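Structural overview for review
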Amino acid sequence: MRIAVFGANGPTGRLVTGQALAAGHQVAAVTRQPDSFPLHHDRLEVVGADVLDPVAVDAAVAGRDAVLSALGVPAGKGPISTYSRGVANIVAAMEQHRVRRLAVVSSSGVAPRPYSDGGFLFNRVLLPCVTRVLGKTLYDDMRRMETLVRASGLDWTIVRPSGLYHLPSSTGYTLVEGHADGRFTARADLAASMLALLDDDRYLRTTVSVITTVDNPTLLRWIRREALAKR
């Protein structure tokens, strides 16, 4: 397939791009910083474009068979609109060029629920703090993004991972419609699940959750390596 990957220069976007190339696809890696993109391949086109620029997005989408959005911005108390504005441009371009298949990364934090293995600290303290205070503007914009995707006429899938962390390769991850009772998702599994969706019609126009069930970090290790590392 000819795939456009938005947010291609982020941790998940690079994995999506690499896995797609390994699977034999032609990939357009769309990034605001094309000169820093680390991957090279004869089936890879690195496209310099800002997802907030509708003209640039339109050009990046033209001629593709599918679009994967791995957009990501840091959480903060200030206004965030990258997800909703960016995906609005992607949807408009896909409709203009009759590109049907879309998968977008969202987050389990959009609809937070207690986890059976979370315990008091995670479920009653950390989760509300992250989703309602520290990341409120981020999750609000993800909700706007999801609303825009659902209102489109595309063959869309919204993918909600849990807390993201690094593993060297994908695992036997769990992908379910709706909510999954798991606190962590390896980025390699998130990337693999997005690519698998392109060949799977079971999850058209649905929201799915992807979780990793092996080699999960402890909560303390995840906070130290992932949450604090972003600051």
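Keep in mind it's a predicted model, so treat the numbers as computed, not measured.

Here we take up the sheet that holds strand β3 (residues 44–48). Whether parallel or antiparallel, the strands of a sheet pair through hydrogen bonds between backbone atoms. Read across the sheet, eight strands follow the order β3-β2-β1-β4-β5-β6-β10-β8 without closing on themselves; strand pairing throughout is mixed. Two strands bound the open sheet, and with one partner strand each, they are β3 and β8 (174–177). Strand after strand, the sheet turns through a mean of 20° between neighbouring axes, direction not considered. Bridge analysis of β8 against strand β10 (residues 206–211) gives four bridges, and the strand direction is antiparallel. By the bridge assignment for β10, E177 is matched with V208. Relative to the sheet, helix α6 (residues 187–197) contacts β1 (2–6), β4 (66–69), β5 (101–105), β6 (155–161), β8 and β10, its axis offset from that of β6 by approximately 165°.

Further remarks concern the nonpolar core. Counting 32 residues, the largest nonpolar core has F6, V61, V67, I90, M94, L102 and V149 as its most contacted members. Looking at this core, the elements that each hand over two or more residues are β1, β2 (26–31), α2 (54–61), α3 (82–97), β5, α5 (136–151) and β6. Beyond its immediate stretch of four places on either side in the chain, V61 contacts F6, V67, A93, M94 and V99. Judged by nonpolar contacts, the second largest core, of 26 residues, contains A20, L21, L44 and L198.

Under the UniProt annotation, the feature "domain: NAD(P)-binding" (unreviewed entry) is placed at residues 7–200. Annotated as 41% helix and 19% strand, the span residues 7–200 places its first and last C-alpha atoms 23 Å apart.

What counts, and at which threshold
Residues numbered from 1 in each chain as written. Predicted model: local features only at pLDDT ≥ 70, side-chain atom pairs only at ≥ 80, totals over all residues. Heavy atoms only, no water. Pairing = 2+ DSSP bridges. Helix = DSSP H or I, 4+ residues; strand = E, 2+ residues; numbered from the N terminus. Axes fitted to C-alpha atoms, helices over the stretch in contact; angles between N-to-C directions. Contact = heavy atoms within 4.5 Å. Core = buried A, V, L, I, M, F, W, Y, C linked by side-chain atoms within 4.5 Å. Buried < 20%, exposed > 50% of the residue type's maximum accessible area, 1.4 Å probe, protein only. UniProt positions renumbered as here; feature names shortened; annotations may be inferred.

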